[in-house]
Amino acid sequence: MKDDNRKHPMRHSRQDMEEVKQIPDTPQTRSPAYELAFTDNDFMCRDELRPVRLQLELLKPQMMMDEAGIESTIVLFGGARIPEPAKKDTARTQTLSDLSKYYEEARRFAQIMTERSDGKNNVICTGGGPGVMEAGNRGAIDAGGRSIGLNIVLPHEQAPNEYVSPELCFNFHYFAIRKMHFLMRASAVTVFPGGFGTLDETFEALTLIQTGRMKRVPFVLFGEKFWRSIINWEALSDAGTIAAEDLDLFHFVETAEEAIAIIDAHQ
């Protein structure tokens, strides 16, 4: 098999993958022991191979984003259940219906940031699903740009939203590795109203910044009323469980323009 990018003269693994398809059918060749290790799904899914699977999930998106020239991202976290304004009547609660305005803000924010991007820096990155995530990827499409979707396999059916750039649409088994990819290139983090997943992502990112494990980047929470209604931020400070200055790690905003102004002021 010819491969002009190969840097050594050794036989290509793909050649052997094709070659073994032609071997005689015998008890020996039908044995799982005979299958090439890297094409043996049962072997790859063994508990002992978990470190290898973790490495692969880190490497594949990393390498593909490097090859695509992605240098930095703008991360959008937010609820999968928040509908677009045109469909807010389908929301299962009045609160979700009212929160639909943030779908539009996420979409407009992503559009503006994508229009300002060179296609390599400040590329929109979402969880790849519906709701606010869809709005972010949709806004990038509105601007004629590309965006990233970091999906994860869930017990209930979930497909990537239709606005993620196909070549930048990834799927994960490990939440931990997915979270690393959210933040490894992040130049800013924006968070819209959401549920357990959004809260998990928010506090993990804030903790990394608070503890110095990640450099401080603009961190914006859309919807002050929502966030203050579910979290008593000042109570954490008053109790001494966080420092008073930790409340300065993030900002509340209502509009795309306010978020962009905070991001610009950080540069």
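This write-up is about the structure you can find in this document.

Analysis parameters
Residues numbered from 1 in each chain as written. Predicted model: local features only at pLDDT ≥ 70, side-chain atom pairs only at ≥ 80, totals over all residues. Heavy atoms only, no water. Pairing = 2+ DSSP bridges. Helix = DSSP H or I, 4+ residues; strand = E, 2+ residues; numbered from the N terminus. Axes fitted to C-alpha atoms, helices over the stretch in contact; angles between N-to-C directions. Contact = heavy atoms within 4.5 Å. Buried < 20%, exposed > 50% of the residue type's maximum accessible area, 1.4 Å probe, protein only. Right-handed = clockwise from strand over helix to strand, strands pointing away. Salt bridge = Lys/Arg side-chain N within 4 Å of Asp/Glu carboxyl O.

Bringing the sheet that holds strand β4 (residues 169-172) into the picture now. The parallel open sheet is built from 7 strands, whose spatial order is β4-β3-β2-β1-β5-β6-β7. The sheet is open, and its two edges are formed by β4 and β7 (251-253), each paired on a single side. Strand-to-strand twist in this sheet, taken as the mean axis angle between neighbours without regard to direction, amounts to 25 degrees. Strand direction decides the pairing type here: strand β1 (residues 73-77) and strand β2 (residues 123-126), joined by 3 bridges, are parallel. By the bridge assignment for β2, Val75 is matched with Cys125. Against the sheet, helix α7 (residues 132-142) contacts β1, β2 and β3 (148-152), and its axis sits at roughly 160 degrees relative to β2.

This part covers the pairing of β2. Of the two faces of β2, both are covered, the one formed by Val123 and Cys125 as well as the one formed by Ile124 and Thr126. For β2 and β3, the ladder comprises 2 bridges, and the chain directions are parallel. Among the inter-strand pairings, Cys125 is bridged to a residue of β3, identified as Ile148. Handedness of the crossover is the feature at issue here: the chain leaves β2, passes through α7, returns alongside β3, and the resulting connection is right-handed.

Let us now look at the pattern of salt bridges. Across all of its chains, the model carries 18 salt bridges by this definition. Note that Asp16 is salt-bridged to Arg11, the shortest N-O span being 2.4 Å. Among the salt bridges present, the one from Arg138 reaches Glu84, with a minimum N-O distance of 3.3 Å. Of this pair, Arg138 sits in helix α7 while Glu84 sits in the loop between β1 and α5 (94-98), and the two are 54 residues apart along the sequence. Assigned by exposure class, Arg138 and Glu84 land together as buried. By sharing partners, the salt bridges in this structure join Arg11, Asp16 and Glu19 into a single network.

Below, the discussion takes up α7. Counted residue by residue, α7 has 9 buried out of 11 residues, so it is predominantly covered. Every buried residue belonging to α7 is among Val132, Met133, Glu134, Ala135, Gly136, Asn137, Arg138, Gly139 and Ala140, and all of these are buried. The inward-facing, buried residues of α7 abut β1, α6 (100-116), β2 and β3. At the exit of α7 stands Gly144, carrying a positive phi of roughly 75 degrees.

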